[in-house]
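# Commentary on secondary and tertiary structure
Read off the chains here:
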Amino acid sequence: MNQGWLTFAHWRAARREPGLRLLLLAMLVAVAALTSVAFFADRVERALVLQGAALMAADLVVEQGEPIPGEWLQQADSLGLQRARVATFPSVVSGADLPVLVHVKAVEPPYPLRGHLQVETPEGDRDGAPATGSAWLEGRLVDRLNARIGDSGVQLGELPLKAAGLLRDEPDRGGNLFGLSPRLMINYADLERTGLLGPASRVKFRLLLSGERPALDQMREWLTQRLPTGAELEDLENARPELRTALERARRFLSLAALCASLLAGVAILLATRRYVDRALDSAAVLRTLGMSGKAVLRWHFGQLLAVVIVATLGGSLVGLLGQQALVAVVGDWFGEALPAPGWRPVLVGLLFGLSLAIGFAMPTLLRVGRVPPLRVLRREIDAPSLATWLVWLLAAAVFVGLMIWQVQDLKLATGMALALLAAIALMMGAGWLMLRLLAPLRRAGGTATLGLAALARYPQLTLLQLAGFGLGITLLLMLAVVRVDIVDTWQGNLPTQAPNHFLINIQPEERAAVQAMLDERAIPNSGLHATTRARLMAISGRPVNPDNYDDIRSKRLATREYSLGFSSDMQKDNRLRAGQWWSGAAAVQPGFSVEVGVADNLGIKVGDTLTFDVAGQQVEAAVKSLRTVAWDSFNVNFFVVGTPSMAEQLPVAYLSSIYLDETTEHFTRDLVERFPAVSALDIRPIMSQVRDIMDRGALAVEMVFVFTLVAAALVTLAATQVSKDERAREVAVMRTLGASRRRLLSAVLAEFGLLGFIGGLLAAVLASVSGYLIAVELFDLPGRVSAATWWLGIGGGTLVVAFVGWLATRRLLGVPPLQVLNSE
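We now turn to the structure provided with this report. (Residues numbered from 1 in each chain as written. Predicted model: local features only at pLDDT ≥ 70, side-chain atom pairs only at ≥ 80, totals over all residues. Heavy atoms only, no water.)

### Regarding empty space enclosed by the protein
Taken as a whole and assessed by the stated rule, the structure comprises 8 cavities of 30 Å³ or more. Here the second largest cavity defines a volume of roughly 80 Å³. What lines the second largest cavity is simply H530, S568, D570, M571, Q572, N575, W582, V637, N638, F639 and V642. Considering only residue class, the lining of the second largest cavity consists of 5 nonpolar, 5 polar and 1 charged. (1 Å grid on protein atoms, 1.4 Å probe; cavity = no way out; pocket = protein on both sides within 12 Å on 5 of 7 lines; lining within 4 Å. Points joined across faces, edges and corners; volume = space filled by probe spheres on them. Nonpolar A, V, L, I, M, F, W, Y, C, P; charged D, E, K, R; others polar.)

### Some remarks on the pairing of strand β19 (residues 618-630)
Bridge analysis of strand β16 (residues 575-580) against β19 gives 5 bridges, and the strand direction is antiparallel. Following the sheet pairing, N575 is matched in β19 by V630. As paired strands, strand β17 (residues 593-596) and β19 are joined by 4 bridges and run parallel to one another. Its bridge partner being in β19, F593 is matched across the sheet by V624. When strand β18 (residues 610-615) meets β19, the two strands line up antiparallel, connected through 6 bridges. Pairing of T610 across the sheet is with A623, part of β19. (Pairing = 2+ DSSP bridges. Helix = DSSP H or I, 4+ residues; strand = E, 2+ residues; numbered from the N terminus.)

### So, the pairing of strand β8 (residues 159-169)
Working note: regular strand, side chains alternate between the two faces of the sheet. As paired elements, strand β4 (residues 118-121) and β8 share 3 bridges and run antiparallel to each other. Bridging across to β8, E120 finds its partner in L166. Pairing of strand β6 (residues 134-138) with β8 involves 5 bridges; the strand directions are parallel. Looking at the pairing, L137 lines up with L166 of β8. Strand direction decides the pairing type here: strand β7 (residues 152-156) and β8, joined by 4 bridges, are antiparallel. Within β8, the residue paired with S152 across the bridge is K162. Count of turn residues in the β7/β8 antiparallel hairpin: 2 residues, of which G157 carries a positive phi of about 60°.

### With respect to helix α16 (residues 668-675)
Burial in α16 covers these residues: F668, T669, D671 and L672. On an axial view of α16, the arc spanned by its buried residues comes to 160°, and they lie on one face. (Buried < 20%, exposed > 50% of the residue type's maximum accessible area, 1.4 Å probe, protein only. Arc of directions from axis to C-beta.)

### A word on the environment of W791
Looking at where W791 falls in the secondary structure, it is placed in helix α20 (residues 788-813). Since its relative accessible area comes to 32%, W791 is described here as partly exposed. As for W791 and A764, which are separated by 27 residues in sequence, their C-alpha atoms are 8.6 Å apart.

### So, the environment of N549
By the secondary structure assignment, N549 is in the loop between β14 (543-544) and α14 (553-560). Between the alpha carbons of N549 and L603 there is a distance of 9.6 Å; along the sequence they are 54 residues apart.

### A closer look at the packing of helix α13 (residues 512-521) against α16
Packing of α13 against α16 leaves a shortest axis separation of 12 Å and a crossing angle of 155°. On the basis of the axis angle, α13 is roughly antiparallel to α16. Both α13 and α16 take part in a crossing whose hand is right-handed. Here A514, V515, M518 and L519 of α13 come into contact with α16, specifically with F668, D671, L672 and R675. (Axes fitted to C-alpha atoms, helices over the stretch in contact; angles between N-to-C directions. Parallel < 35°, antiparallel > 145°, perpendicular 65-115°, else oblique. Left-handed = near helix turned anticlockwise from the far one by under 90°. Contact = heavy atoms within 4.5 Å.)

### Considering the packing of aromatic side chains
Inspection of every chain in the model, using the stated rule, returns 4 aromatic pairs. Note on Y563 and F640: the rings are 6.5 Å apart at their centroids and 90° apart in plane angle, and the pair reads as edge-to-face. One end of the pair, Y563, is in strand β15 (residues 562-567); the other, F640, is in the loop between β19 and β20 (641-643), and 77 residues separate them in sequence. Assessed through its relative accessible area of 1%, Y563 is described here as buried. By relative accessible area, F640 is classed as buried at 10%. Each ring, one from F593 and one from F613, has its centre 5.3 Å from the other, and the planes form 70°; the classification is edge-to-face. (Phe/Tyr/Trp six-rings, centres within 6.5 Å; stacked < 30°, edge-to-face > 60°.)

### Quick look at the pattern of salt bridges
Counting across every chain of the model gives 13 salt bridges. One salt bridge in this structure joins D190 and R193, with 2.7 Å as the shortest N-O distance. With a relative accessible area of 46%, R193 lands in the partly exposed category. (Salt bridge = Lys/Arg side-chain N within 4 Å of Asp/Glu carboxyl O.)

### Focus: the packing of helix α3 (residues 70-78) against helix α5 (residues 213-224)
Between α3 and α5, the shortest axis-to-axis distance is 10 Å and the interhelical angle comes to 160°. Between α3 and α5, the interaxial angle falls into the category roughly antiparallel. You can see that α3 and α5 cross each other, and the crossing is right-handed. In this structure, α3 uses E71, W72, Q75 and A76 to contact α5, whose residues at the interface are M219, W222 and L223. Class assignment of the residues belonging to the contact of α3 with α5 gives a composition of 5 nonpolar, 1 polar and 1 charged.

If you want it as structure tokens, here you go:
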């Protein structure tokens, strides 16, 4: 026999070995389910990130008050990045009628770098920057100028322009909510020709960048060291908070689905490996009696296992790739543009996953097969001495957890699920041990029902393994099948149909009562009027805030930006306290701040710290009373930093509000601005539509990957029933030889597996409810809740499904002649 570690002979022998055939099937289906989820989740996540980038028209954006230096453009070119310059400023255009205040946007081809520009021209729809000497006009600007598309006569400063197209939508419009006036878009090359770029002009210059992530990271680091004071660097991690929240939750949903599939696949491989290693000891004993050395026996079995692992992981990865491609062909268009091409990381994850689990969980026995005494052929109770069994198991578990963290790219989620898995296993084992103690007196029972229950007590190790397999499978399935529905519904419920879709800003203190009365008179849903002022953070507990003291890019940006301080006696309903206390009663009279947890984490702010802000040259200082989370995607009025209402009395403040308008009340903003000219009404429906779209597609992606998780769950059930196949076959053969009827045997099996399903389902309902609640609260910042469906599906569904699967497995054994089973012993 070839003594090498891995030869074709190992594969031929593995195909004939029943234990390895089951392991091959388990690994192939498990890796296929895992890689299908990983492939699809990876592609959908990258598609969602691209959609998020479309809201900025780029992957990376720099904004400042001075023209973009040529050095920056050269650096972008040297890194192979796409780039486009953009300039925005308020101005006045004139046409046939009166002058109109506009928001000018000069764009350089190939703007936009991400997303699409929607322009309607006489020649058809267009996408891209207008030609020199031409302009795209927003619809309301066309109406105010009484202009016609295709005609000339629009004058911007010294530049005559042709109204060449109607601007329907631009990807980064939502990034600038304070572009109040109608939009006029021109070519960047025409900017100087307008004659409007004087020293007093209020121009904002932006550099848009897109490309591969490594090049973007280099550019970001290079720019960070050269940004002048007042310049801002934006990407998806520090763009609009409501966009960041939506994308982050979508990522976490996909990671949760992929992680559940990984855990189910691991349970299936563990159960299948258990049957193989039991048979390996018998095989090793036979080989030892034939004169093979212990080392040769070890090499032979290791080669067999390695052959199965390689074939199963490569075959499973191929099946996973084809499976997700079929799904993409069906639902890919639901995600807008074509999904990005699949990467190779899921294949590597599948290969390492299969190797670590199969070899890791089989290694404790493989290390012992070389020391199996030949006498085991005659006496099965003789076992091989253990060699560092627990050390190998711990190593396999550590590799498994490491792969989970690498796969989902979320340390908090992966670590939390790993700890939850350990707690679940401990609970399952504890419940199983208690069940076995209660069933011990039935081991010699003779009734039909008690006969099945006694079988559980006769094989305690197998019973515990089956209970853990069934219980974990049901738990993870419930978590995605039921709990995910609650979380998705709650997430989408954060943006209800009548969510605020307009903001009213710059309401002066003397206008506050009149504006509120106008809102009440017309029954306009609103969030109330909130005092706010602009401020810059100067110090934290006496330490000056210096961006050079922070390594993280977002921390540097937060250290230099201006904040809109809010002042309120009540906490917004979509905020949740994470630390400290909200002020009430007498505490609201004393100065104090509440800080959003993201800002606090990035800048190192804790409850009790003192914050010093500069407000129009006035120093404002107060202690931090609380930290809170904010549901930015609710589009309510929210602030990073909120102060007590008494602090607003000594500061120059204005008021703002969020309102909801429908078709019948849409004219309200026109009436409001006519009565209060200083008030500005911002229509945020375009960005709401984009964020809602990300929510819907993120939820849809979870529904799709759930199909693959169902496959992994079915495999767990199959593997759990196969764990005791050999023992069950012997028992059925003996009982049939002693005259037991077919009906009695099947009834006993229904009682046995029904009890396993009931206990596993009950424990799964408990675990899924607790874990679902914690996931909603800790990972998604949503209010947790427990669904009744979790309980009746877990207990009822678990009992019926497990009993049915056990009945199917035993029903096949009844067709095998008892003599054939007994002779095989």
